[in-house]
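Structural characterization, general
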Amino acid sequence: MKIAVPKEIKNHEYRVALTPSVVRELVARGHRVAVQASAGEGAGFPDAEYEAAGAHIEQDLDALWDNAELIVKVKEPQPEEVKRLKPSHTLFTYLHLAAEESLTRGLMDSEATCIAYETITDEEGGLPLLAPMSRVAGRMAVQAGAHSLEKAQGGAGILIPGVPGVAPAKVTVIGGGVVGENAARMALGLGADVTVLDKSLERLEVLDHRYQGRLNTVYSTADALETAARESDIVVGAVLVPGAQAPKLITRKMLGDMRPGSVLVDVAIDQGGCFETSRATTHADPTYVVDGVVHYCVANMPGAVARTSTQALTNATLPFVLALADKGWQGALAEDPHFLKGLNVHAGHITHPAVAQAFGLEAVDPKSLMA
Ligand SMILES: NC(=O)C1=CN([C@@H]2O[C@H](COP(=O)(O)OP(=O)(O)OC[C@H]3O[C@@H](n4cnc5c(N)ncnc54)[C@H](O)[C@@H]3O)[C@@H](O)[C@H]2O)C=CC1
Ligand SMILES: CC(=O)C(=O)O
Ligand SMILES: [Mg+2]
C-alpha cells in the first residue's frame, strides 16, 4: 500500500499522524510510506528519523497526494486538502463532520473513502481513537480555564485553589466521559470544588465510586444546568453524542445569570459546541467574551502539546493503520464491525447515520458496501 502523511496545516496544529516507529512497522510489512518534509518537526520527529525508519521524505505536495492510496492525517482536511482528494483515496483522520456541512459536502464531492477516528467504537462502548485526545483535552481544559480566570484574560481574577482563608473556585464539568473525567481529575488536583453533570447515571456512579466523595455528581437537568451556570467560576463543556452535533446546554440567556469574569471552556466545540454562544477559536486567539463571560473554544486543543498527543494518538491508531494498509479499507472494515463505524463517507455517500441526520441527508448502510 502507498501511504502518505501530510504535514498538518490547521492553525497551530503540530501533531503528525505517524511517528517514525509506526513507519518502521509499516515498512517492515512491505508498505511504502511517504512523509511530507518537516511533517513531524512540531512533534519532535525530524525527517532524518523518518528516513532511518524507511520513509521517503516528499518535498512535492502534488506528488505526495497524487501517488497515495491511503492518506493518514490528524485533523479534518482543510479546504486546500479537500481539493486534492480523489475517488481512489482512503482518508483516515479526525473528521467531526456534524459540525461542518461544507466539509461534509466537499468530501462527498471528492468521492473518496473517508474514515473518521472519532466514530470508531470498541467492545466496551467506548471510542478508542477519540479517547487518547479526550484525555489530553480534558486535562488541558482546566489549564485553559485557570489561565482564562486571570484578569488579563478577561477573567474574574480567581485562583483555582484559593488560599488559606479564601474558598477555592467552583468548577462544573458537563459530561462525565473521558474529557469530563480528566478535567475533573485535574480540577481536583488543583484543589477546586468540583461538580460533574451527566445524563448517564451509570457514568455518575462510576465517578462517585472512583473519586470517593471528593467530587459532586449531579444528574443533568435544565435546573442543574441553570444552577451550574449561576454558581460556577469555570464550566467545562464535555458532552458527546457520537457523530452528532452537540446539544446546546448553556443558552445565551443563561449567560446573564453567570458571574462576570467566569469562564466557559467548550471542549465539545469540534462537534459544534455545547454552549449556544460558542464558536470555534484557534490557539493563536483562543478566547473571546460574551456578556462578561470568557469563552475558550479551541477545536484542536491537543495540537498545543503535540509531542505527548502524537505519541498517545499513534499508540491507539497503529493497529487500525496496519489493518488498512495490509487489507485495504474493505478488507479491514468488513472483519471489524467497530472499525466499520468509522466509515463516514464513501463514493459520494454518507455512511454514518448521525452525520446524515445532522444535514437532513440519507445514510447508506456501510454493510451494504462490504460485498
Ligand atoms: N476541542 C478539542 O480539542 C477536543 C475535543 N474533544 C471532544 O470532546 C467531546 C467529549 O468527548 P469524550 O469525553 O471523549 O466523549 P465521551 O463519550 O467519553 O463522554 C461524553 C459524555 O457526555 C454525556 N452526555 C451526552 N449528552 C449529555 C447531556 N445532554 N447532558 C449531560 N451529559 C451528556 C455522555 O453520557 C457521556 O458520559 C467530544 O465532542 C470530543 O470530540 C475531544 C478531544 C479534543
Ligand atoms: C479530537 C480532536 O478533535 C483533536 O484531537 O483535535
Ligand atoms: Mg477537534
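Chains are numbered independently. Their residues run from 1 in the order of the written sequence. Here the convention is simple: chains get letters from A, ligands get numbers from 1, in the order in which they are written. Reporting of local features is limited, given that this is a predicted model, to residues whose pLDDT is at least 70; pairs of side-chain atoms are given and counted only at 80 or more, and all residues count toward the totals for whole chains, interfaces and linings. Calculation of side-chain values draws on the structure's entire complement of heavy atoms; hydrogens and water are dropped beforehand.

1. Description of the packing of aromatic side chains
- For Phe, Tyr and Trp, where Trp contributes only its six-membered ring, two rings pair if their centres lie within 6.5 Å, and the inter-plane angle classes them as stacked under 30 degrees, edge-to-face over 60, or tilted in between. Taken as a whole, this structure holds four aromatic pairs when the rule is applied.
- Judged by centre distance (4.9 Å) and plane angle (85°), the ring pair of Tyr 94 and Tyr 117 falls under edge-to-face. Linking Tyr 94 in the loop between strand S5 (90–93) and helix H5 (101–110) with Tyr 117 in the loop between strand S6 (113–116) and helix H6 (131–148), this pair joins segments that are 23 residues apart in sequence. Considered together, Tyr 94 and Tyr 117 belong to a single accessibility category, that of buried residues.
- Judged by centre distance (4.9 Å) and plane angle (80°), the ring pair of Phe 320 and Phe 339 falls under edge-to-face. Taken together, the positions of Phe 320 in helix H11 (residues 306–334) and Phe 339 in helix H12 (residues 337–340) put the pair 19 residues apart, joining distant regions of the chain.
- Members of the aromatic cluster, joined through ring pairs, are Phe 92, Tyr 94, Tyr 117, Phe 320 and Phe 339.
- Over the face of the ring belonging to Tyr 288 we find Arg 279, whose NZ or CZ atom lies 3.9 Å from the ring centre.
- A positively charged side chain is recorded as over a ring if its NZ (Lys) or CZ (Arg) lies within 6 Å of the ring centre. The angle to the ring normal must also be within 35 degrees. Lying over the aromatic face of Phe 45, Arg 307 brings its terminal NZ or CZ to 4.4 Å of the ring centre. Secondary structure elements are taken from DSSP: a helix is a run of H or I of four residues or more, a strand is a run of E of two residues or more, and numbering for both begins at the N terminus. To sort residues, take the accessible area from a 1.4 Å probe on protein chains only and compare it with the maximum for the residue type: under 20% means buried, over 50% means exposed, and anything in between is partly exposed.

2. A closer look at the site of ligand 1
- A molecule or strand has a residue near it when one of that residue's heavy atoms lies within 4 Å. Around ligand 1, a shell composed of 29 residues is seen, among which Ser 134, Val 179, Asp 198, Asp 270 and Met 301 lie nearest.
- N or O atoms within 3.5 Å of each other form a polar contact, as long as, within protein, one can give a hydrogen and the other can take it, and as long as residues adjacent in sequence are counted only when both atoms are side-chain atoms. One nitrogen or oxygen atom from the main chain of Val 179 is found 2.8 Å from an oxygen atom belonging to ligand 1.
- Within the backbone of Ala 299, a nitrogen or oxygen atom sits 3.2 Å from an oxygen atom of ligand 1.
- Using a 1.4 Å probe, the Shrake-Rupley method yields the accessible areas, and only the shown protein chains count as cover for residues. Expressed as a share of its isolated accessible area of 870 Å², the protein-covered part of ligand 1 is 89%.
- With respect to the detected pockets, ligand 1 is housed in the largest pocket.
- Those elements that place two or more of their residues in the shell around ligand 1 are H6 and helix H7 (178–189).
- No other element matches the three residues that H6 contributes to the shell around ligand 1.
- Each residue gets one label: Ala, Val, Leu, Ile, Met, Phe, Trp, Tyr, Cys and Pro are nonpolar, Asp, Glu, Lys and Arg are charged, and the others, such as Gly, are polar. Taken together, the residues of the shell around ligand 1 sort by class into 16 nonpolar, nine polar and four charged. Definitions used for this entry: grid spacing 1 Å over protein atoms alone; cavity, a set of points where a 1.4 Å probe fits but cannot get out; pocket, an open set with protein on both sides within 12 Å along at least 5 of 7 lines; lining residue, one with an atom within 4 Å of a point. To be counted as sitting in a cavity or pocket, a molecule needs more than half of its atoms within 2 Å of that site's grid points.

3. A closer look at the state of the cysteines
- Whenever a pair of cysteine sulfur atoms sits within 2.5 Å, that pair is classed as a disulfide. Summed over all chains, the structure comprises zero disulfides.
- Between Cys 274, a free cysteine, and Cys 297, which holds the nearest cysteine sulfur, the sulfur-to-sulfur gap is 9.1 Å.
- Relative accessible area serves as the criterion here: at 0%, Cys 274 is assigned to the buried category.

4. A look at the site of ligand 2
- In the neighbourhood of ligand 2, the contacting residues comprise Arg 15, Lys 75, Tyr 94, His 96, Leu 130, Met 133, Asp 270, Ala 299, Asn 300 and Pro 302.
- At a separation of 2.7 Å, an oxygen atom of ligand 2 approaches a polar side-chain atom of Arg 15.
- The cavity where ligand 2 resides is the largest pocket.
- Considered class by class, the residues forming the shell around ligand 2 number five nonpolar, two polar and three charged.

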